[in-house]
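For reference, the chains in residue letters:
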Amino acid sequence: MNWELILGLGTGILFGVLLQQGRVLRFEKQVGAMLFRDMTIFKFMLSAIIVGMVGVNLLVGLGVISLKVKGTLIAANLIGGVLFGAGWAIMGFCPGTSAGAVAEGRWHAIWAILGMLGGAALYAEVYPMLTDNVLALGNLGKITLPEMLGVSPWLLIPILSAGFIGMFYVFEKNSI
Amino acid sequence: MDTQFSWRPYIAGALTGLLAIASVWISTEVLDSPKYLGASTTFVRAAGLIEQSVAPEHVANNAYYESKGVKVDWQMMFVVGILGGAFVSSLFGRQFQFESVPPIWKERFGSSVPLRAGGALLGGVVAMFGARLAGGCPSGHGLSGLMQLSISGYLAMAGFFGAGVLVANLVYRTKGASE
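All figures in this text were calculated on a predicted structure; none of them were measured in a lab. (Residues numbered from 1 in each chain as written. Chains lettered and ligands numbered in written order. Predicted model: local features only at pLDDT ≥ 70, side-chain atom pairs only at ≥ 80, totals over all residues.)

Chemist: Whenever I open this one, the interface of chain B and chain A confuses me. Can you help?
Modeler: Note on interface size: it is often stated as the accessible area lost on association of the parts. Counting residues at the interface gives 119 residues for chain B and 109 residues for chain A. Those elements that place two or more of their residues in the side of chain B that touches chain A are α1 (8-31), α2 (40-54), α4 (63-68), α5 (74-92), α6 (103-109), α7 (113-134), α8 (138-147) and α9 (151-172) of chain B. No other element matches the 21 residues that α1(B) contributes to the side of chain B that touches chain A. Taken together, the residues that form the side of chain B that touches chain A break down as 75 nonpolar, 36 polar and eight charged. (Contact = placed C-beta atoms within 7 Å. Helix = DSSP H or I, 4+ residues; strand = E, 2+ residues; numbered from the N terminus. Nonpolar A, V, L, I, M, F, W, Y, C, P; charged D, E, K, R; others polar.)

Chemist: Just checking my understanding: could you explain the nonpolar core for this structure?
Modeler: Side chains of a nonpolar character, in soluble globular proteins, are inclined to be buried together. Of all hydrophobic cores here, the largest spans 108 residues; its most connected members are Ile49(A), Ala89(A) and Ala120(A). Leaving out residues up to four positions away in the same chain, Ala89(A) has contacts with Val31(A), Met34(A), Gly164(B), Val167(B), Ala168(B) and Val171(B). (Core = buried A, V, L, I, M, F, W, Y, C linked by C-beta atoms within 7 Å. Buried ≥ 20, exposed ≤ 12 C-beta atoms within 10 Å, placed from the backbone.)

Chemist: Just checking my understanding: could you explain the packing of α8(B) against α9(B) for this structure?
Modeler: Helices that pack against each other are described as a pair by the angle of their axes relative to one another and the distance between those axes. Residue and element names in this part refer to chain B. Two numbers describe how α8 lies on α9: the axes approach to 8 Å, and their chain directions differ by 135 degrees. Considering the angle they form, α8 stands oblique to α9. Between α8 and α9 lies a crossing of left-handed hand. Between α8, through Pro138, His141, Gly142, Gly145 and Leu146, and α9, the contact on the second element is made entirely by Ser152, Gly153, Tyr154, Ala156, Met157 and Phe160. Among the residues forming the contact of α8 with α9, the class breakdown is six nonpolar, five polar and no charged. (Axes fitted to C-alpha atoms, helices over the stretch in contact; angles between N-to-C directions. Parallel < 35°, antiparallel > 145°, perpendicular 65-115°, else oblique. Left-handed = near helix turned anticlockwise from the far one by under 90°.)

Chemist: Help me understand the environment of Pro146(A) in this model?
Modeler: Tracing the backbone through its elements, the reader meets Pro146(A) in helix α7 (residues 145-149). For the pair Pro146(A) and Leu156(A), spaced ten residues apart in sequence, the C-alpha separation works out to 7.2 Å. When sequence neighbours within four positions are dropped, the list of residues in contact with Pro146(A) reads Val151(A), Ser152(A), Pro153(A), Leu156(A) and Leu149(B).

None of this, on its own, says anything about what the molecule does.
Printed below as a string of structure tokens:
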């Protein structure tokens, strides 16, 4: 194994431990958030995003790392996002957590994984038919919120963080 | 509802943020390529590897497989690692538990294993097709995208959660029950 694979494996093991310790792997937690009964996955995710936003932007500012932003394709991001959300509600796992859910003994996540492999193969077949239409609609390139608004990320990070913490307050106040 | 307050998801989440930062930093230094967390492209590569064993020509001629590269890479090992990490963690925390039909599903559709399997399969196909069209999943678009304040991350997350809420409420909310 080369360094790329070793780093991938090591990072994955730590992520698997944190996902499991955060109790976000289960169907109940994923679907529970969509039913507004249990917002654990958002507490986990938004906490990671607050810390990550600060660290990533700090290191970018210091010139140590670079961003790797996914392209904004308005139609594809939204239509794909909606399809993902619909399927996510039924299977109750997302791609990253499905592997961890199987590892926790929730073996029905194997069906979800098989389905997702099928969905990936299907997309590979259909992809050439989408490049000139859906994937070309509303292509804004690899753009970030601060770039679009013409402001420093350090103006937005405190605002977004405060918004996320406000959401935590609402979750805890409602015991969800 | 009455979920007990716990620091657990916040602490595990914050540590995940640190892990994400460390991953990008270390991979930049060691591999000269920043590795942001993500999972869904692995399903494309894995599907390609499986198809390759039956129809290598077909995979070689497919534009999407070519653009992603059908190989074992950082992210595939990352997903394998999640499996290992979650397994060890669930054993140590006595959280490991076999489950063939989850409670919320059982309450709505009963304990039929084939029905749950069919739902998970169908949901998986639709979800992954959507994730690939959107360009990522809650890890790549959600965690990594929002950390970078990317517009695509916010758009995709709005689609993920908006549709998730709509479909989950249509599918699982039984007349007046559980409220």
